[in-house]
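Reading the structure
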Amino acid sequence: MLTGEHARSLDDKGRLSLPPVFRSVLAEGAYVAIYKQCLGIWTADEARSALERLETAVRAGEADGDELRRFSSSLEPATVDAQGRLSLPSSKREALGLDKNVVLVGVFNRGEVWEAGEWESLQAEHGEADVDRWL
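These lines cover the structure that appears in this document, whether it is placed above or below. (Residues numbered from 1 in each chain as written. Predicted model: local features only at pLDDT ≥ 70, side-chain atom pairs only at ≥ 80, totals over all residues. Heavy atoms only, no water.)

With respect to helix α2 (residues 44-59)
Since the α-helix advances by 3.6 residues per turn, residues separated by three or four positions end up pointing in the same direction. Over its 16 residues, α2 runs 22 Å from end to end, which matches the ideal 22 Å to within 8%, given 1.5 Å per residue. Residues of α2 that are buried include every one of Ala47, Ala50, Leu54 and Ala57, and no others. Buried residues of α2, viewed axially, fall in a sector of 85 degrees; they line one side. Facing away from the buried side of α2 by more than 90 degrees, the exposed set consists of Asp45, Arg48, Thr56 and Arg59. Check the buried side of α2 and you find it contacts β3 (30-35), β4 (38-42) and α3 (65-74). (Helix = DSSP H or I, 4+ residues; strand = E, 2+ residues; numbered from the N terminus. Expected span 1.5 Å × (residues − 1). Buried < 20%, exposed > 50% of the residue type's maximum accessible area, 1.4 Å probe, protein only. Arc of directions from axis to C-beta. Contact = heavy atoms within 4.5 Å.)

Focus: the environment of Arg85
Take Arg85: it is sitting in strand β6 (residues 85-87). According to the relative accessible area criterion, Arg85 is partly exposed, its value standing at 21%. A polar contact of 2.8 Å, which involves the side chain of Arg85, links it to the side chain of Asp81. Separated by 3.0 Å, the side chains of Arg85 and Gln83 make a polar contact. (Polar contact = N/O pair within 3.5 Å; in protein donor to acceptor, adjacent residues only side chain to side chain.)

As structure tokens, this is what we get:
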């Protein structure tokens, strides 16, 4: 389970230092893809589950094959090195404007890497989430 909000700085090679809980969950490797306005990070099992759900939706006529094709083709494998850093693909960093200061957010079954200013704007726009009805 991935949770929390973690301010981070990418190093010169575009590597993200992961907090301990992310390191243990992603130790077997990860998949990254552009997801909305951030970079999504999934374990291999979660990436497979997401693709299977999307494929089921395509078969049911609830999504089209282009959505499955775009998501599947955008997934790239990524590994956590011995120092607990995840290398983020340069093409995806550039597309999202991820330069130095980022925020890593845990969203239960995935991580999200946001440009720090974009994350601050999103938080200011939406304020505190009202989750009481779900707890």
